[in-house]
Structure formats: structure tokens, C-alpha cells
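A structural walkthrough
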Amino acid sequence: MSAILVKIFATALTLSQVLADPDTVRTSFDPARDQEQVSQILKDGCAHMRRAFDIEDINLDDLIATAMDDPQAIAGEMKVLQGLSFNDLHASYRQFCKNEKVDPSPVDLAEVISTYNAAVAGLPDAGKLKNLKLPGVSVILDGDGKRFAEVYEPDHRRVWVSLSEIPKSVQQAFVSAEDKRFYQHKGVDERGVIRAFVGNLANPGRPAGGSTITQQVAKNLLVGDDVTYDRKMREMIVASRIERVLSKAEILEIYLNSIYLGRSSWGIEMAARSYFGKSARALSVSEGALLAGLAKGPNYYNPDMKPDRAQERMAYVLSRMQDDGFLKADQVQQAVAALPSRVSFERIKRTSGFYFVDHVSRDARTLADIENLSAGGYTVRTTLNPALQRATEAALQEGLARYELSIGRQRYQGAEANLAGAIRSLEGVPDTAPAWRRALGAVRLPLYDVQWPAAVVVEKGKDRKTGANVLRVGLADGRILSLNAWEAARRDLKLHDVVRVQVIEQKGKGAVRADLRTPPAVQGGAVVLENKTGRILAMAGGFSYPLSQLNRTTQAQRQPGSAFKPLTYLAALSKGLQPNTLIWDAPVTLPPVGGDATARGDSWSPKNFDGGRSGIITLRRALENSKNLVTARLLDGGIESSPEQSLKRVCELALEAQLYLECTPHYPFVLGAQPVRMIDLAAFYAAVANEGAMPVPHVIESVEENGRNVYSRKANSLVRLGSADPASFFQLKTMLQGVLERGTARSLKALAPYAAGKTGTSDDENDAWFVGFTNDVTIAVWVGHDNADGKRRTLGRGQTGGKVAAPIFQSILQAAWDHHAPKTPLSPPSPQAAKQLIALPIDLNTGDRLTDGQGRGFTEYFRLSWFGRLSETQFRLVPQSEVYAFRHPDPWSDGEANGGPEYPEEGPYAQGPGWLDSLRQSLPSRRQAEPERGFRWWWEDEAPRRPRRVDPDYFWRNGQVY
């Protein structure tokens, strides 16, 4: 028995059961014992089908006779019938439909039963469809209430509507077009099967399936759409079961909400909006007929591409509605006159904000108890600034690429696509635009959120006149530019490759060029937080969402390095130290925490980033230049009396700032050794900008479901970090402002009046940070490798936060000024802080206060006591005698900003304005570190000098005030 005949009879066994007695369908027979019963089921099924043929006025015997006379005429063009023995089929027809004795029987019932049993085993439960609400689309709104994104599962872009909201004319249009006897059959319509079978014989080129609406529901939602006999058998049985658990209205409602109708629209409501810009309830007769016609094939009857074919199909649906008695002839004549007008189709294409939207989904689960936004029907209002979001992603991507270019780590790993085939197919289609441009405009690239323009290689080779190598690319706007790329990439690029480029606009009359950009191996993250509210305005969780869905701003913890130091300084300021307090930048060893002070092996002896030391220095200059030794020395009497108590105090402050859930008291903690989330560190810096009022970062303002509010964010006041007062926070803010003016981020000196911040670099340059703020926003930037394999990978010697992360911060800050809040100088102290502060001029290098007539000094803010008196702490940590004996002429040796390879100053990948490393030009000459041999501290071998009394009125006393 041929395999195709086995499958045909297994299908016939299924059809016979669901037609003759759908309530008692069996899904398992014994191949040996049940052959007689199966034979009778097949005979009953054939008798049922013969009656249906009679109703349809089709003579089955004549049809069989015609097929036997010329079987090739029928099977020749139908691949499913090729290889079938029509003699066996005719003998089977005589045996089961004519009740004739055929010996030997062409049908092996045991084989048919085995095939049937295997096909229908494990059928899905039709009861799942009861009260079903399919996944749908949720809308994400930006901060201005404009639609930014849609969230939905693949193949489920729909808006569910009840059947009562769909006009009767639209319901009837689909019934007339797809299932004329929908209200009469019990899941499978034998007459529909017959019409489809005969139609396929007459027109085998485009086969019809004869499926009912119920069968389509079973196929779409339960059994799948495999083109196999097995699926057809399963579909018929499940359809018959659906009719037993659901009413016709329920089945039709599910069908109208699940069917795909083109224009990326599933269901009648989304299709109505996409094609006509209206709700389904407002559809006219002709509009409903057009959509019903699309159910047979949305692409084949596409009204945008094939209007004549779509109109013909719409006319067919209207005529069927007339035949079914729903429309009168004059109504049909009016509706069929022309295709109804449609709104223009704007294909959904979003190129930014994927990390942000993903975070919105996670927050919705936490805040509004919404397990999945793609369940549909939700409208989420967020905090997003779309223009700032795009600019943030572009700045991060360009910054990561330029870092790799600057140190020679860039790699070309192939094009995102090659358009050679598409271009060839378009060259024969007349159009004013060149084929390469049309192909480039239509391609969907895998890295869809990369902000560099896509370009296609349109010319590669040698110039015929000059013999020079030529490499040109075409952009979407039609421009053709010379492509600048490194040698390895030039060699591997092929004609019609699609690559990413950075368009470089040359100054003056220089030619515009395109610089090749490739996805970097290094990763990064950036977040923009509104200081006063905690609204997250932009979030870039990595280089590209398609490459990695890990959101590094919220889901990763990295060592902050020196970006954590402001907490230690804040603890010192809140204990009364002033920014001009002098302290030794010199080697220090702290005893073990909680252990024996004599156990030197557990003691801590940190080093500065560059291994040097600067002698006596002010707290301000120490923070500006990120001195590790000073941060460590603050633990030894600068905060509390003992290092262990000081460390505990910094831990408490970190917990209060919600940087950690728990804090392990170990010394490297104060230098940023304990990993932190980027979003949490940004919130703390926003608190510094707010003088101690910390915002709660958030992305969701409200959530609605079908117009019903399910979540609204409460107008939470800012969280006051009470361990430090506003005066301490303002002093810290001015010190962080100095980081840009004179410190490790002085490449951003031009921003100093308007911004403050801190660089951060972890051990071995594994992490590079810059966190900074203006009056309005806080921006945190991190650059590093994911280290997913457990190995820490360095960014390279000298690749610090000031070098790698600060330029990205600068670009994002400029975008924040352009798209969110205008540039303004950092605010003076608030009235509350001003009551505790007094501004006095000092010598910036020494911390000495200046009196009138001694020239213009640096304005420092000093804390006043509760009695309004100035608290002098300049010599609290270093005796005045030591200050005069060892004051160093160059107290601002900068560790983080030195060392490592420099950015190129010339060539195609030289850093442009704002990116060049100008530290060498701005730094004074560095002192050499003291040699280890021959150098002696004064207390080791020599008696200290006797302190000298200095008359305050002495003419040459250098302005010192006692």
C-alpha cells in the first residue's frame, strides 16, 4: 500500500468520525482487533459524503469515472496526488462507498490505524479557548505623552475587542467569505470540503483547503500550521471539540481577533486602525468586505500593491454577502464601486530605546503587578526623552568605538548584510533612484539600534586614471562618499556590503568623508537622571540590544573605583573638616579591621594610581586629583578617631544612600572596590547636586488597562540623606566642580562652570567611570569588558575614566542641554546651606586664607559652627610645623590622568574637539618620585625643627592667618 494512500485513508477515518458522530470521536484503535470497526466507520463516512455530493449537485460516480479515464489530467499538476495509484483508489472507492467485495483489498487497515493513532496522539485541550484573551499590544508613551513604542509578542500585534463592538456587516463579511455554513456545521463542513476538492481539480495552481472558521481557530491557536496530513487530522478533531465547548459567537470573536490581515496587524481592531485609521466599530460595509477579503491572503490581495486584485476580491465578498441575503443588490453596487480610501502605511520601525523599554517591562512587573506587558491592552506613560535617548546611545556607541580605534583594538568582522542580490533584482525596475539606494532603504539590519548611518559599498577597485585604490559608499540620502578604513577592513570589504559609517564634515572646503565603524568588543553603559524627580530620561544598557540584552545600568554591578571617593570625603566634611584642611599624601599603613594591630600581614598599605605622592595637600586638591593615599588617611582620624570606626561611618553612609544592601567593612571599600550599580551611583550624585536630597530613579509614571488606571506613581518627596547636612553636600559639590576645572577630568575644563563630577578607574584599568551632574540632570557613564568568562580584562594602561568615559559624558551632557534643560551655571548654596557657610578667598595651592590686598584668590566655602563662628581645621590633621617644613611646590600631581598611550593627534581617527587628551599641556611639570635609597623622613634619623613663632603682622609672612 502506497504511503500517500495510507495518509488519505487515515484522513478519511478522521473525517468520517467528525462528520458522522463528532461527539464520540476515538483517537486510538487497535491495529489488529479494530479493523472491522474502522472499516464500518469508513463506510459510514463515505455514505455521509455521498449525500453531501448530491446536495451540491455533483455526481460522484461520474467524477470518479472521468478520473479513471484520464488520471493524468487530474494528478498531473497536483503534487500531492503524484505517485498515487488511481486503480487502488478506485478499488477502495468500490469497497467502502459501493459496498462491493474487493479481493485483495488495496487498503491495509492495520497500517491506516497505526498512522492515524500516531497522528492524533496528544491532542491539545480545546477548553483552553474558553474565556481566551490573546496576547496583544501595549503602548509605551514618552515623557510628553507621545507614542514611543509598542510591546507585543511576535505575531500578536493586536487589540482585542468583543464581538458586540464589531458591526454585523463586518461579521457577515468574514462568514460569507470564509465559511458560508458557519452557523450550521459542527466544526467541519463536508460541503465546503467538497467544493474545495472540486475547485482544486479545476484550478490546481492555487489550492483551497475548505477549512471552516472553527478549523482556522484550531490551526492558528492549538495545532499549528504545518502543511501535513497529520496536522489536518488533528485540526478536524480539535475543531469538532471546540464546537462542543464554545458557542458560535465565542468562536467568531476569537477568529476575528486572531486572524492576520496584513500591515503587521493581527485581529480586526488593529487592522481597522492600520488600514483606515479608525476603530472596528466604525467600519463601513465596503471596508469590512475589503478586510474580509484579505483573510484568504493578505499579501496576495494587498490593496497597496495589488489594488485591482484586492478590488476583485472585495467584489466577490460583497456578492457572497448578497447571496447569503445580507445585502441587497443596490447596496452591493454602491459598495463595489471603488476600493475604500486608506490611511498611509507607516511601517513600525524603532531604532532606539530598547534597553529602556525592556526596563519598563521589568518595572511594570514589580510596581503594577503586571506579569507581562505583551499580554496587551496596557498604556504605559514613561519618563523617556526620545531625542536625548537617541543622543545618549549615539554618544556611547561612538565613544566605545573611538576608544578601540585609539588603541588599535578595532576589528572588522564582516558586513551586516550584502545587497548584491537585491540590487540585481531592482535594476530592471524603472525608478528615478538608483537600485543600490532602494535596496539600502528596504534592508532590515541585524543591529537595528546602532545610530551610525548604514552605507553600501558602491565602488571598490583602482581608479583608471590615477591607479589609486578607490573605496566609496552610498548613503540613504543618495550621497556617495569616500570610505576611510584601516587596511584589514579595506581588504575584506566586498562590493555591495552594508557597513556602518560616521560621516565626517570637514571644515572649510575639505571633502566630506565616511569613516568606517564596527561593533566594538568593549562594552559600556550610560544613564541620564533628572535630579529633582528621579525620572530616568535616557538609558543605554550596552552597545547594542540585539548583541546583548544585559542592561548594564541596572542589572550589572562594577567596581566604581575613585567615583566612590566622594562618600568618604562627605563623611569627613560632615564631621567638620573644611575643604582647605591639609593632609599628607604619603604612604600609610592601617591596622587590620577587627584584628590584632600587630598582624602586619593583614594591614592595608594602598598606593596612588601613579605610585607617587604629593606631600601635604588640601582635601580639595586631593579629591580633584583622586589621591588614594589621602582617602585612606581620612580614615585615620579624619572622620572618626580610629580607622575601623571611620570605615564603619562610610559604610553607614553608603547604606543610607542605598548604594548597597549590605556593606562589608574592608579598607579597599573606600577606594571603590565593592561593585555598585550604575543607576544607584547616579542617584547618589544627584543627591549631591540637590544638597543631600536623593531622588528615587524610575521610568514609569502611570499604567492604564483599557482606559482603567492600574498604577500611578505617587508624588514621592526626595529622600533626605540625614547623615550629612546641606552645607557638607554643597562643599562636596564645589570640590567635584574642581575635578573638571583642575583635576582628573580637566579635559572638560570648559564645562566646569556648569557641571561637576568625578572620574573613576578600578584596579588594572578594568573599569572606567565618569559620573557628573548639572543643576538639572546627573549622567553616569561606565566603560569596560563584561568579563563573562570570569576573567577580568583591562582596558589598557592609562585608559582611565578621565580618558575613556569623560568624553562620552561630554557628548551626552551637550545633548541634555539641547533636548532637556538649557545650560546654566551651577547654583549657589541654597538658603538653608548658606546659613551654615561663609565664602572666603584662599590660596588654592596651600589652603591659606587671603586677606585684603593679597590678590585675587580662590573662593572657598567654609562651614560655620552653630554659633556662627568659622571653624578652622586647616592644621587639624597635619601640625603647622610640618606644613612649613614639608610643603611641596607642586601639590597636584595627577595620577589618573597620566600614563598609557595617548590618543592620536593626527590622522583619520584623531580625536576631534572635546575628545583630545590635553592633560600633558595643562599639567605643570611632574616631580620625580623620591628615590627609595638615601631618602629619609625627618622623624627617622633627625630631630625635627623647632616650631617658629610667626608674627601675624610680619610683612613677608605670605598671607598666613592664625
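Our subject is the structure that appears above.
Residues numbered from 1 in each chain as written. Predicted model: local features only at pLDDT ≥ 70, side-chain atom pairs only at ≥ 80, totals over all residues. Heavy atoms only, no water.

1. A look at the overall build of the chain
Convention followed: We count a stretch as a helix when DSSP gives it H or I for four or more residues in a row; a strand needs E for two or more, and each element gets its number in order from the N terminus. The rule is simple: take the accessible area with a 1.4 Å probe, protein chains only, and divide by the maximum for that residue type; under 20% is buried, over 50% is exposed, in between is partly exposed. Throughout, a residue-residue contact means that at least one pair of heavy atoms, one from each residue, lies within 4.5 Å. Only the protein chains shown count as cover for residues, and the accessible areas themselves come from Shrake-Rupley with a 1.4 Å probe.
The helix and strand tally for the chain stands at 31 helices and 24 strands. Counting the 962 residues in the chain, one finds 53% classified as buried. Sequence separation of 24 or more characterises 71% of the internal contacts of the chain that already satisfy a separation of 6 or more. A total accessible area of about 43,900 Å² is found for the chain, and carbon and sulfur atoms account for 48% of it.

2. Considering the environment of N716
Residue placement: N716 occurs in the loop between β18 (708–712) and β19 (719–720). Judged by its relative accessible area of 49%, N716 is partly exposed. Sequence-wise, N716 and G534 are 182 residues apart; in three dimensions their C-alpha atoms are separated by 9.8 Å.

3. Considering the packing of aromatic side chains
Where we set the bar: Note on aromatic contacts: the rings of Phe and Tyr and the six-membered ring of Trp form a pair at centre separations within 6.5 Å, being stacked when their planes are under 30 degrees apart, edge-to-face when over 60 apart, and tilted otherwise. The rule for a charge over a ring is simple: NZ of Lys or CZ of Arg within 6 Å of the ring centre, and within 35 degrees of the ring normal.
Taken as a whole and judged by the stated rule, the model has 18 aromatic pairs. Ring centres 6.2 Å apart and planes at 45° place the aromatic pair F564 and Y660 in the tilted group. One end of the pair, F564, is in the loop between β12 (557–558) and α21 (565–574); the other, Y660, is in the loop between α24 (643–656) and β15 (676–677), and 96 residues separate them in sequence. You'll find F564 and Y660 in the same group, each marked buried. By the ring-pair criterion, three or more aromatic residues cluster together here, those being F354, Y355, Y448 and Y545. One cation-aromatic arrangement involves R309 over Y300; the distance from NZ or CZ to the ring centre is 3.9 Å.

4. Considerations on the nonpolar core
So the rule is basically this: For our purposes a nonpolar core is just a set of buried Ala, Val, Leu, Ile, Met, Phe, Trp, Tyr and Cys residues, chained together by side-chain atoms within 4.5 Å.
In terms of nonpolar packing, the biggest core is built from 124 residues, with F669 and F684 touching the most fellow members. At eleven residues, the largest contribution of residues to this core is made by helix α25 (residues 678–689). Ignoring anything within four residues of it in the chain, the contact list for F669 reads F564, L647, V650, C651, A654, Y660, C663, T664 and Q674. Within the second largest apolar cluster, 80 residues are counted, among which are V120, L134, Y275 and V332.

5. Focus on the packing of helix α7 (residues 168–178) against helix α14 (residues 307–323)
Worth spelling out the cut-off: Note on definitions: angles span 0 to 180 degrees between N-to-C directions of axes, and those axes are lines fitted to C-alpha atoms, for helices only across the stretch in contact. Roughly parallel refers to an angle under 35 degrees, roughly antiparallel to one over 145, roughly perpendicular to one between 65 and 115, and oblique to any angle outside these ranges. Any residue that is not Ala, Val, Leu, Ile, Met, Phe, Trp, Tyr, Cys, Pro, Asp, Glu, Lys or Arg is counted as polar, Gly included; the first ten are nonpolar and the last four charged.
For the pair α7 and α14, the least separation of the axes is 8 Å and the interaxial angle reads 100°. As far as their axial angle goes, α14 and α7 are roughly perpendicular. Between α7 and α14, the residues in contact are S169, Q172, A173, S176, A177 and E178 and R313, V317, R320 and M321, respectively. In terms of residue class, the contact of α7 with α14 is built from four nonpolar, three polar and three charged.

6. Let's talk about the side chain of E178
Our working rule: Polar contacts, as used here, are pairs of N or O atoms within 3.5 Å; protein pairs need one atom able to donate a hydrogen and one able to accept it. Residues neighboring in sequence count only if both atoms are side-chain atoms.
Mapped onto the elements of the fold, E178 is located in helix α7. Polar contacts involving the side chain of E178 include one to the side chain of Q216, which spans 3.1 Å.

7. Overview of the packing of α21 against helix α26 (residues 726–741)
Which entries qualify depends on this criterion: Left-handed describes a crossing in which the near helix is turned anticlockwise from the far one by less than a right angle; the clockwise case is right-handed.
Their axes nearest at 9 Å, the elements α21 and α26 cross at an angle of 135°. It follows from the interaxial angle that α21 and α26 lie oblique. With respect to the hand of their crossing, α21 and α26 are arranged in right-handed fashion. Seen from α21, the contacting residues are P566, Y569, L570, L573 and S574; seen from α26, they are S728, F729, Q731, L732, M735 and L736. Looking at the contact of α21 with α26 residue by residue, the class counts come to eight nonpolar, three polar and no charged.

8. Description of α26
The line we're drawing: Expected span, for any helix, means 1.5 Å times one less than how many residues it has.
Its 16 residues place the ends of α26 23 Å apart at the C-alpha level, agreeing with the 22 Å of an ideal helix rising 1.5 Å per residue. Burial runs high along α26: 14 of the 16 residues are buried.

9. Regarding unusual backbone geometry
You will see that N131, though not glycine, has its phi angle at about 60°, which is positive. Overall, the relative accessible area of 66% leaves N131 in the exposed class. Despite not being glycine, S264 has its phi angle at roughly 55°, a positive value. By the element assignment, S264 lies in the loop between α11 (248–258) and α12 (268–276).

10. Here we look at the pairing of strand β10 (residues 523–530)
Keep this limit in mind: A strand pair is defined by DSSP finding two or more bridges across the two strands.
With respect to burial, β10 is a largely interior element, eight of its eight residues being buried. Here β10 shows two buried faces, one formed by Q523, G525, V527 and L529 and the other by G524, A526, V528 and E530. Inspection of the sheet shows β10 paired to strand β22 (residues 777–784) by eight bridges, in the antiparallel sense. Across the sheet, the residue bridging to G524 is V783, located in β22. Two strands pair when backbone bridges link them, and β10 and strand β11 (residues 536–540) are joined in this way by four bridges, in the antiparallel orientation. Looking at β11, one finds that L529 is bridged to I536. Between β10 and the antiparallel strand that follows it, β11, lie five residues; G534 among them carries a positive phi value of about 85°.

11. Notes on the environment of G192
Relative to the helices and strands, G192 resides in helix α8 (residues 190–202). Counting along the chain gives eleven residues from G192 to R181, while the straight-line C-alpha distance between them is 8.3 Å.

12. Some words on the side chain of R313
Structurally, R313 is set in helix α14. Side-chain polar atoms of R313 contact the backbone oxygen of G293, separated by 3.3 Å.

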